[in-house]
Amino acid sequence: MIKRYGNAPQMGRRYTRRPGVYAVLLDRDGLLVTHQAAPTPEFQLPGGGIDPGEHPIAALHREVMEETGWHIAGLRRLGAFRRFTFMPEYELWAEKLCTVYLARPTLRISAPTEAGHQAVWLDPKDALQLLGNEGDRAMLARALRQGSPR
């Protein structure tokens, strides 16, 4: 069973399963996250949905590039969790299945290309309070206990 973080599913509500991949991006400068301005401003682990037919690792590289402008390396699977949430950008109630990897940012290529996103460096201990959802915070805590990839 995959651990759930956040709200329990609402009785009678239909949820669409949305698999996604996310990254805890640690290096000596701290933790690289994305700040999403809308619909609610929040700090998030970079990542997102896997497109139909897309390999999860390819999706992770694509999403991190879109949301931060960085290339990544040294991927190691941290774990997975699920969340039940409304996704206003898709007008969709979703069961998000979030697989999270530990990686390191290796090269900044550009500014984020996804509208409303900004790459931000945080102190990892501060991020344990600032990340916008409980699942992201739990995966960061796990990564900090295990150590960053080198």
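In this text, all values refer to a predicted model and were calculated from it rather than measured experimentally. (Residues numbered from 1 in each chain as written. Predicted model: local features only at pLDDT ≥ 70, side-chain atom pairs only at ≥ 80, totals over all residues. Heavy atoms only, no water.)

Undergrad: Tell me about the environment of Thr-34, and name the residues and values.
TA: Mapping Thr-34 onto the fold places it in strand S2 (residues 30-36). Through-space distance from the C-alpha of Thr-34 to that of Leu-131 is 9.6 Å; in sequence the pair is 97 residues apart. Leaving out residues up to four positions away in the same chain, Thr-34 has contacts with Glu-42, Phe-43, Gln-44, Leu-45, Pro-46, Glu-67, His-117 and Gln-118. Here the side chain of Thr-34 touches Glu-67 through a polar contact of 3.2 Å, landing on its backbone oxygen. (Helix = DSSP H or I, 4+ residues; strand = E, 2+ residues; numbered from the N terminus. Contact = heavy atoms within 4.5 Å. Polar contact = N/O pair within 3.5 Å; in protein donor to acceptor, adjacent residues only side chain to side chain.)

Undergrad: Explain the pairing of strand S6 (residues 92-108) residue by residue, including any values.
TA: Where strand S1 (residues 16-27) lies against S6, ten bridges are found, and the strand directions are parallel. Across the sheet, residue Arg-17 finds its bridge partner in S6, namely Glu-95. As paired strands, strand S5 (residues 70-87) and S6 are joined by 15 bridges and run antiparallel to one another. Across the sheet, the residue bridging to Arg-82 is Leu-97, located in S6. Hairpin connection, S5 to S6: the antiparallel pair is bridged by four residues, and Glu-91 has positive phi, about 50°. (Pairing = 2+ DSSP bridges.)

Undergrad: Break down the nonpolar core for me, citing the residues and quoting the values.
TA: Core analysis: the biggest nonpolar cluster contains 19 residues, and Val-24, Leu-31, Leu-78 and Val-100 have the highest contact counts within it. Those elements giving two or more residues to this core turn out to be S1, S2, S5, S6, strand S7 (117-122) and helix H3 (134-146). Every residue in contact with Leu-78, bar those within four places of it in the chain, is listed here: Val-24, Val-100, Tyr-101, Leu-102, Met-139, Arg-142, Ala-143 and Gln-146. Within the second largest apolar cluster, eleven residues are counted, among which are Ala-23, Leu-25, Ala-59 and Leu-60. (Core = buried A, V, L, I, M, F, W, Y, C linked by side-chain atoms within 4.5 Å. Buried < 20%, exposed > 50% of the residue type's maximum accessible area, 1.4 Å probe, protein only.)

Undergrad: Explain H3 to me, using residue names and the numbers behind them.
TA: Over its 13 residues, H3 extends 19 Å from the first C-alpha to the last, a length consistent with the 18 Å expected when each residue adds 1.5 Å. Of all the residues in H3, the buried ones are Gly-135, Asp-136, Met-139, Leu-140 and Ala-143. Viewed end-on, H3 has its buried residues packed into an arc of 135°, placing them on one side of the element. A distance of 3.0 Å separates the backbone nitrogen of Gly-135 from a side-chain oxygen at the start of H3, and that oxygen is part of Asn-133. Once H3 ends, the next one or two residues include Gly-147, with phi positive near 95°. (Expected span 1.5 Å × (residues − 1). Arc of directions from axis to C-beta.)

Honestly, it's all geometry; don't read function into it.
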